[in-house]
Amino acid sequence: MEDFIIIIFIISLIYLAKAEMIRSYVGLLAFQGLLLFFTAYYKLQEIDVVHLSFILIETLIFKALFVPVFFLRIIKSKNHRNNTGPVKGYYSVLISSIIIAISFMVAHNMHDEHLQVKYFTAAIASIFVGLFIAINHKDILTHLTSYLVIENGIFLLSLALGSEMPMFVNAAILLDIFTSVLIMGIFFNRLKDYFQNTEIGTLSNLKD
Amino acid sequence: MIEIFLVITIILAAGTAFVRNINISHIMVFGYFIFLAGLGVYMAEHVGETFSEYFLSDYMGLIFMAVLIVISFSSALHYITFAKKREVRPAEAALHNAGTIFFTGAMTGVLFAAHFGVLWAFVEATTIGASILIYHNRNHESLEATWKYLFVCSIGVAIAFAGILFLGLASQEKGSIDFTYAGFKAIAPTLYPGWLKACFLLVVTGFSVKMGLVPLFNVDIDAKDAAPSQVGASLSSVLMNAGFVAIYRFYEAFSGTSILPWMNTFLLITGVASLFFAAVYALRVRNIKRLFAYSSMEHAGLVIIAFACGGIGYFAAILHLIMHSLTKSSLFFQVSQMHRIYNTKLDEGIGSYLKINPIGGLVILLGFLSIIALPPSGLFISELMMVQALITNNLWWLAVIIIGLVLVIIYGLATRMLGILFINKPNGNIYEKGATVWESVIQLALILLVFYIGLLRPQVIVDTINLAIKTLPI
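Residues numbered from 1 in each chain as written. Chains lettered and ligands numbered in written order. Predicted model: local features only at pLDDT ≥ 70, side-chain atom pairs only at ≥ 80, totals over all residues. Heavy atoms only, no water.

S.K.: What is the right way to look at the overall build of chain A in this model?
M.R.: The secondary structure content of chain A amounts to seven helices and zero strands. The linear arrangement of helices and strands in chain A, starting from the amino end, is α-α-α-α-α-α-α. The 208 residues of chain A split such that 56% are buried. Nonlocal contacts in chain A, meaning residues at least 24 apart in sequence, comprise 77% of its contacts between residues at least 6 apart. Carbon and sulfur atoms form 66% of the exposed surface of chain A, whose accessible area is close to 9,400 Å². (Helix = DSSP H or I, 4+ residues; strand = E, 2+ residues; numbered from the N terminus. Buried < 20%, exposed > 50% of the residue type's maximum accessible area, 1.4 Å probe, protein only. Contact = heavy atoms within 4.5 Å. Areas by Shrake-Rupley, 256 points an atom, 1.4 Å probe, with all protein chains shown as cover.)

If you want it as structure tokens, here you go:
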């Protein structure tokens, strides 16, 4: 079951890289949140109930519900249509697939008995696909999406280290909550008021 | 004690955010600085001790704590005039003062953390505190800078977190997960070097945004430009020091392993690249705040280069950070007055400053002489030691390149700053009453302190720095 969830998570990364509609990001982020909830449930059963509950609630409520609902609210108030960067369509699929393949090769060659190859592959792939999305797009919402994908990668990386580090899994979650809420809740709303469209290209007042 | 201090920080920051009387809001900040100074004294009396596994008091933390107290106090004093002259609304002042408390508390946590996880959490907290301060002016520029700073810092800190996770992976091989500096340092030589290298690479990359180094330096420059000048002063001095301490903790923990030469090479590359970018931008920039920001990047690069050389370079790096903090914060503070007088940050709109505001002009002149490391500036001593460290390591060819890049930056600084001081430019409306003598006196005192240290090298400073670096390999 764990393997199946991780494979689905990796496939969702390819979809994220290819997605061109902001609405698709919302669905995929919610779906990834759900997958991380099940992954954490299977992976962290040995840790104490308080830590496990905190992690499960965070993945389900924050990742799978709060973030997508917040995104949907923004989309409702803005007219978000196609969102394309210089690398489009199946070229994005190709690049994300190459990232995943390289991540797998790196993880496979680690030769570390404590390292869980599947988690490590998904984590590294998620971080780099997130960076690829950030570089490839100019929309602020897409940049937020890329940040959340990187965060999901960090969360999986903490799971890759096994269940002996609940404190660090919790820390990864706090990173999620604090920064995401601050970025999204406060500044995005302000940015939206100041700048009429959400293209990052319009944020270019600061120059040498 | 430090746990109580951190709880007070959160309570006081939250309380200050809701105070609607500006004077009371300022008093709360100064009240907090009394606590801060008290903590400094307490930590100095308990040097070498650890507190509840997560905090420690050591000379490295104490040195930068002293700098933090001086700069934060000066910054808060300057904010009083800033708020008055700009007619800042009580709610905005309250948020700024709350941000100041939170930001200072977070940096204190970075300096005294004894655990990599706790260190990381405090570095993350500085991002939130700094974002509140950068956003103060609430215009297009500040909003853009805050957004970029928050976004890139978050990615940087997430990358550093991945680095710390690699530490966990490395130590799992030995069946122990101890993230305290001392605990990790004890087992570090037995761990797989590949994981340690990966960790160091990610941590330096992630924390580069705090120290203002390559690769994540861009948002730091924007933040120093868009934030009020006294905030720019803090970002250029105490936050840079905190970023250095964060990198230093990892370096020190790994210094007993086989990756030491690799770490030094990596730091050397990072430092030279930072210096190169600073030199390129210093020549073309017209905005005086950005010019000072690139100068800070230059000095961050020099510090990292000196540190990578080891030996006398360790001493030079710490001394350089102290001297740079005092000088650069004075220059940033003075920009605030300059802006009040000329209503511009661009050098073409600022001229004859020495004539229009003689004391302020003297600050810029002495600050310029100090920042370019002319004797008797303390920066001259530290830069001389850096060159010595490079030559000791047989890196004389690199010393030549570095001196060349520094000369380019000095040229960039000289053409703008001497022009501001002495050349009569077709200015618009000049508001001479924008000058404030007592502010310039504080700035002069900070710069004269740099000259005093450069001339006399007080034994207490030399001894404290030597004690701070004694755990590093010779």
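S.K.: Help me understand the environment of Val 303 of chain B in this model?
M.R.: Residue and element names in this part refer to chain B. As for its position among the elements, Val 303 is in helix α13 (residues 288-309). Look at Val 303 and you get buried, because its relative accessible area is 0%. It is 24 Å that separates the C-alpha atoms of Val 303 and Leu 365, two residues lying 62 residues apart in sequence. In contact with Val 303, other than residues within four places in its own chain, are Met 211, Phe 244, Ala 317, His 320, Leu 321 and Met 386.

S.K.: Quick question: what am I supposed to make of unusual backbone geometry here?
M.R.: Trans is the prevailing form of peptide bonds, just as negative phi is the prevailing case for residues other than glycine. All names here are of chain B. Here the bond from Val 214 into Pro 215 is cis, since omega is 15°, no more than 30 degrees from zero. Cis geometry is found at the peptide bond from Pro 375 to Pro 376, where omega equals 10°. Along the chain, the position of Pro 376 falls in the loop between α16 (358-371) and α17 (378-392). One non-glycine residue, Glu 53, adopts positive backbone phi at about 70°. Its place among the elements puts Glu 53 in the loop between β1 (50-51) and β2 (55-56). The class for Glu 53 is partly exposed, based on a relative accessible area of 46%. Even without a glycine there, the phi angle at Glu 87 is positive, about 50°. Checked against the element boundaries, Glu 87 lands in the loop between α3 (59-85) and α4 (90-112). Using a relative accessible area of 69% as the deciding quantity, one classes Glu 87 as exposed.

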